[in-house]
Amino acid sequence: MTNDILIFVEQRDDRVHPGALQCVTPGKSLAEKAGGKVVACIVGDNIDGATSAVEQTGVDRIITVSDPALKMYSALRYRTALAAVMEKVEPRVVLMAATFMGRDLSPRVAMRTKAALATDVIELDLTGDGELDIVRPLYNGKATCHVKFPKDRPAIATIRANTFPTPTGGSGAAREDLPYTTLDGDDRINVLEIAKTGGDVKDVTEADIIVSGGRAMKNEDNFKLIFELAKELDAAVGASRAACDAGYQPHSRQVGLTGKTVTPKLYIACGISGAIQHMAGMRGSKIIVAINTDTEAPIFNIADYGIVDDLFKVVPILTEEVLRLKG
Amino acid sequence: MKILVVIKQVPDSTTNIKIRPDGEDIERSGIKMVVDPFDEFAIEQAVQLKEKRSDVESVTALIMGPARCSEALRTILAVGADDAIHLQDEAFEKLDELQVAATLGAVIKDGGYELVFRGKQEIDLDSGQLGPALAEALDWPHVGAATKFEPAEDGKSFTANRRIEGADERVEVRLPALVTCEKGLCEMRYPSLPNLMKAKRKPVKAMTAADVPGFAEITAGVGGSEMHQFAPPPQRPPGRILKGEAEETAKELVKLLREEAKAI
Ligand SMILES: Cc1cc2nc3c(=O)[nH]c(=O)nc-3n(C[C@H](O)[C@H](O)[C@H](O)COP(=O)(O)OP(=O)(O)OC[C@H]3O[C@@H](n4cnc5c(N)ncnc54)[C@H](O)[C@@H]3O)c2cc1C
Ligand SMILES: Nc1ncnc2c1ncn2[C@@H]1O[C@H](COP(=O)(O)O)[C@@H](O)[C@H]1O
């Protein structure tokens, strides 16, 4: 095992996931402490754009595994590719974004490479003895804990989006390409189709700002107000389970325990009471705004800014104000 | 075809979580334990398959955990599993999730199963490691967070939809395989009282670490992470309620978001 930190840089269609670049920030500080280098690894096909995006974050070395068979994510093929890179680099720590891909891929890779794994990490540090010590939330965000890793095997951590800033100001990393050597049975999963959902509106897991509506929206039509504010803020639209179950919005927009977990820079909850299962999905947001007619709504307990008022009055004015600010 | 459903018993999502004074765990007493809500989708999907297809021989439920897990098992058997395996041993308590996956893999390996269902995530540890890790332990393909599952006529493969960022992915997978279940796949039926009674008579096989082939070696071979220093979630600074007419509060909010929070 070396003291290098390996970063798996997730990309789709040559677009790097912002969470992947954010991993470089803790990667650099760990490498500095451990006395190793930051190595980035990109898996896919036609990944020039992704590669130069990574180069600009100032990593020391970039390993690409590019092959037509890797054009789309497959748990088996990507596992094979990343495990091969790990075998070559022998990193102490591997970081990746806690995305659908990261969550799907990391356990397989950890099993294959006999590593240890922690997911959804919000803090990480190397102790004096070179052990990785991380902090992660659990019990739907109702607690956190430290996870200690054994010293004698690589540690893999997936990192929550927007926990670290994106580094800039780098260039000139050493580059090399590693061939993709198929393992027997890698072709047992085939992607048939990837269909975009949500039209032009960003997905809640991708946006820096989310405007969410709850049961109080009363119907699908009223969500127009939420979409208008979201548009001006370049935000995604989210919803509570009550709103989704009632058919006001598709379940792909549901935030919470049985919906998506989000950690945007700004979360605006409109007519959402703040049930424990809803908070499970959004309490990690940087700034939380609540608009609710009920002073006692639990959402106010975690809100940074609250307005106790009718959302149908407040939201349109917010939209106007944001528009004016931009104008 | 034999189907296996791997379930976990977890604290109910509405439970208040308190940290033990030594910080090494949460307070376990007095907590309401339930079947993980994502595992509910897994058992329902398995039972529906058995009802629809003549080539499904049996649905077996597998659970690891202390004696109180028999409650969760009974629910699962009442919903329609034919039999169950209960892995119970103090030695299992210290395992991390990868080691649990390695253990379950050893138990499942020679059972003749072709399809394993599991929830996409345990709502206690919140990690979702087990499903994909177990698939790797078995050297099977897996589909993570499936919202739709359609087996092929010949029972040799299936197609599934899975949710990813801003898109829906449709994949084709050859059996044997593991599927982790996401909301939207199906909703678990309510176990009826007569079925809960009948569930009592369904066979449950008890297994300990000694019954797991190669237990010591396989668990020493991977993982080994340890959880310590449990704490309540980071305190958020007290919030500010803006007062006045909507016209004023909305304007003030935009100003604060811009100038103070620097969020827009
Ligand atoms: C296993 C399980 C999993 C769950 N998973 C999720 C999940 O993933 N996501 C999720 O969201 N929920 C989830 N829930 C459901 C959760 O418990 C709540 O029922 C749900 O979040 C309530 O949604 P809501 O806040 O929109 O509705 P309500 O709780 O009905 O709240 C509506 C709020 O709107 C306010 N209001 C009404 N009119 C106005 C107005 N004109 N202007 C401003 N405010 C107004 C009211 O004061 C109220 O606070 C889950 C539940 C269970 C049991
Ligand atoms: N992913 C899992 N699936 C099934 N059982 C588990 C899993 N993880 C832990 N267990 C068992 O469930 C019980 C409670 O685990 P925990 O609450 O995670 O400490 C213990 O007996 C564990 O061995």
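Residues numbered from 1 in each chain as written. Chains lettered and ligands numbered in written order. Predicted model: local features only at pLDDT ≥ 70, side-chain atom pairs only at ≥ 80, totals over all residues. Heavy atoms only, no water.

**A word on the environment of valine 16 of chain A**
Residue and element names in this part refer to chain A.
Part 1: The topology assignment puts valine 16 in strand 3 (residues 15-16).
Part 2: Spatially, the C-alpha atom of valine 16 lies 26 Å from that of arginine 188, the residues being 172 residues apart in sequence.
Part 3: Not counting the four nearest positions on each side in its chain, valine 16 is found in contact with Val9, Glu10, Gln11, Leu21, Ala50, Ala53 and Val54. (Helix = DSSP H or I, 4+ residues; strand = E, 2+ residues; numbered from the N terminus. Contact = heavy atoms within 4.5 Å.)

**Some details on the pairing of strand 17 (residues 287-292) of chain A**
The two faces of a sheet get side chains in turn, since along a regular strand they alternate between them.
All names here are of chain A.
Part 1: Of all six residues making up strand 17, six are buried, and the element is well covered by its neighbours.
Part 2: Side-chain alternation along strand 17 places Ile287, Val289 and Ile291 on one buried face and Ile288, Ala290 and Asn292 on a second face that is also buried.
Part 3: Relative to strand 17, strand 16 (residues 266-270) is paired through five bridges, and the arrangement is parallel. From the neighbouring strand, cysteine 270 faces strand 17, where its bridge partner is isoleucine 291. (Buried < 20%, exposed > 50% of the residue type's maximum accessible area, 1.4 Å probe, protein only. Pairing = 2+ DSSP bridges.)

**Quick look at the site of ligand 1**
Part 1: In the neighbourhood of ligand 1, 27 residues make up the surrounding shell, with Arg215, Ser240, Thr258, Ser273 and Gln277 of chain A lying closest.
Part 2: The environment of ligand 1 is shared, with nearby residues belonging to chains A and B.
Part 3: Arginine 215 of chain A is positioned with one of its side-chain polar atoms (N or O) 2.5 Å from an oxygen atom of ligand 1.
Part 4: Take glycine 271 of chain A: an N or O atom from its main chain is 3.1 Å from an oxygen atom of ligand 1. (Near = heavy atom within 4 Å. Polar contact = N/O pair within 3.5 Å; in protein donor to acceptor, adjacent residues only side chain to side chain.)

**Comments concerning the domain arrangement of chain A**
Residues and elements named next belong to chain A.
Part 1: In terms of domain boundaries, chain A breaks down into domain 1 (5-188) and domain 2 (209-326).
Part 2: On a C-alpha basis, the centres of domain 1 and domain 2 stand 32 Å from each other.
Part 3: Contacts between domain 1 and domain 2 engage seven residues on the former and eleven residues on the latter.
Part 4: Both faces combined, the contact of domain 1 with domain 2 buries some 740 Å², and carbon together with sulfur accounts for 53% of it.
Part 5: On the domain 1 side of the interface with domain 2, the three residues burying the most area are Asn140, Arg160 and Asn162, jointly 61% of the side's total.
Part 6: Connecting domain 1 to domain 2 are zero salt bridges.
Part 7: The tally of links from domain 1 across to domain 2 stands at three residue pairs in polar contact (both at pLDDT 80 or more). (Domains from an automatic or database assignment. Buried area = accessible area lost by both parts, 1.4 Å probe. Salt bridge = Lys/Arg side-chain N within 4 Å of Asp/Glu carboxyl O.)

**Concerning the sheet that holds strand 12 (residues 226-231) of chain B**
Two orientations exist for strands paired in a sheet by backbone hydrogen bonds: parallel and antiparallel.
Part 1: Taken together, the four strands give an open sheet; going across it, the order is 8(A)-9(A)-10(A)-12(B), and neighbouring strands pair in antiparallel fashion. Across the chains shown, the open sheet's two edge strands, defined by having one partner strand only, are strand 8 (123-126) of chain A together with strand 12 of chain B. Taking each pair of neighbouring strands and ignoring which way they run, the sheet shows an average axis angle of 25 degrees.
Part 2: Sheet topology note: the strand 8 of chain A/strand 9 (residues 132-138) of chain A ladder contains four bridges and is antiparallel. Among the inter-strand pairings, leucine 124 of chain A is bridged to a residue of strand 9 of chain A, identified as isoleucine 134 of chain A. (Axes fitted to C-alpha atoms, helices over the stretch in contact; angles between N-to-C directions.)

**Quick look at the interface of chain B and chain A**
Part 1: In this assembly, 85 residues from chain B lie in contact with 88 residues from chain A.
Part 2: With both chains or domains summed, chain B and chain A bury close to 7500 Å², and 56% of this area falls on carbon and sulfur atoms.
Part 3: Among the residues of chain B in contact with chain A, Glu136, Glu165 and Arg236 of chain B are the three that bury the most area, contributing 11% of the side total.
Part 4: There are ten salt bridges connecting chain B and chain A.
Part 5: Between arginine 112 of chain A and glutamate 136 of chain B there is a salt bridge, and its shortest N-O distance comes to 2.7 Å.
Part 6: Applying the counting criterion to the chain B and chain A interface returns 46 residue pairs in polar contact (both at pLDDT 80 or more).

**Quick word on the site of ligand 2**
Residues and elements named next belong to chain B.
Part 1: In the vicinity of ligand 2, 14 residues are found, and the nearest of them are Lys8, Met64, Phe92, Glu93 and Arg118.
Part 2: About the coverage of ligand 2: the protein hides 90% of its 480 Å² of free accessible area.
Part 3: If you list the elements that add at least two residues to the shell around ligand 2, you get helix 3 (90-93) and helix 4 (97-108).
Part 4: Partitioning the shell around ligand 2 into residue classes produces seven nonpolar, one polar and six charged. (Areas by Shrake-Rupley, 256 points an atom, 1.4 Å probe, with all protein chains shown as cover. Nonpolar A, V, L, I, M, F, W, Y, C, P; charged D, E, K, R; others polar.)

**Quick word on the pattern of salt bridges**
Residue and element names in this part refer to chain A.
Part 1: Under the defined criterion, the tally for this structure stands at 39 salt bridges over all chains.
Part 2: A salt bridge links aspartate 120 to arginine 160, with the nearest nitrogen and oxygen atoms 3.5 Å apart. With a gap of 40 residues between them, aspartate 120 in strand 7 (residues 116-121) and arginine 160 in the loop between strand 11 (155-159) and strand 12 (174-177) connect regions that are remote in the sequence. Accessibility classification places aspartate 120 together with arginine 160 in one group, the buried group.

**Some thoughts on the nonpolar core**
Part 1: Counting 107 residues, the largest nonpolar core has Leu104, Leu115, Phe117 and Phe158 of chain B as its most contacted members.
Part 2: Dropping the residues within four chain positions of it, phenylalanine 117 of chain B is found in contact with Ile3, Leu4, Val5, Val6, Ala42, Gln45, Ala46, Leu49, Phe149, Val179 and Cys181 of chain B.
Part 3: Of all hydrophobic cores here, the second largest spans 45 residues; its members include Val24 and Ile42 of chain A together with Ile17 and Ile26 of chain B. (Core = buried A, V, L, I, M, F, W, Y, C linked by side-chain atoms within 4.5 Å.)

**A short note on the environment of arginine 236 of chain B**
Part 1: Its location among the elements puts arginine 236 of chain B in the loop between strand 12 and strand 13 (240-242).
Part 2: Through-space distance from the C-alpha of arginine 236 of chain B to that of glutamate 226 of chain B is 27 Å; in sequence the pair is ten residues apart.
Part 3: Those residues in contact with arginine 236 of chain B that sit more than four places away from it in its chain are Arg283, Ser285, Lys286, Ile287, Ile288, Ile302 and Asp304 of chain A.
Part 4: Within the local environment of arginine 236 of chain B, its side chain forms a polar contact with the backbone oxygen of arginine 283 of chain A, the two atoms lying 3.0 Å apart.
Part 5: Reaching out from arginine 236 of chain B, the side chain makes a polar contact with the side chain of aspartate 304 of chain A at a distance of 2.9 Å.

**Considerations on the pairing of strand 5 (residues 83-87) of chain B**
All names here are of chain B.
Part 1: Extensive coverage of strand 5 is indicated by the burial of four of its five residues.
Part 2: Note: strand 4 (residues 58-64) against strand 5, five bridges, orientation parallel. Residue alanine 61 lies in a different strand from strand 5, and its bridge partner there is alanine 84.
Part 3: For the crossover that starts at strand 4, traverses helix 2 (residues 69-79) and ends in the parallel strand 5, the hand is right-handed.
Part 4: Summarising the sheet, strand 5 and strand 11 (residues 204-207) pair through four bridges and their orientation is parallel. Bridge pairing in strand 11 places leucine 87 opposite methionine 207. (Right-handed = clockwise from strand over helix to strand, strands pointing away.)

**Side note on unusual backbone geometry**
Part 1: The peptide bond linking leucine 175 of chain B to proline 176 of chain B adopts the cis configuration, its omega dihedral lying at 0 degrees.
Part 2: With respect to the helices and strands, proline 176 of chain B occurs in the loop between strand 9 (167-174) and strand 10 (177-181).
Part 3: Located in the positive-phi region is aspartate 120 of chain A, a residue other than glycine, with phi close to 60 degrees.
Part 4: With a phi close to 60 degrees, aspartate 126 of chain B is a non-glycine residue in the positive phi region.
Part 5: Among the secondary structure elements, aspartate 126 of chain B is positioned in the loop between strand 6 (113-119) and helix 5 (130-138).
Part 6: A relative accessible area of 9% places aspartate 126 of chain B in the buried class.

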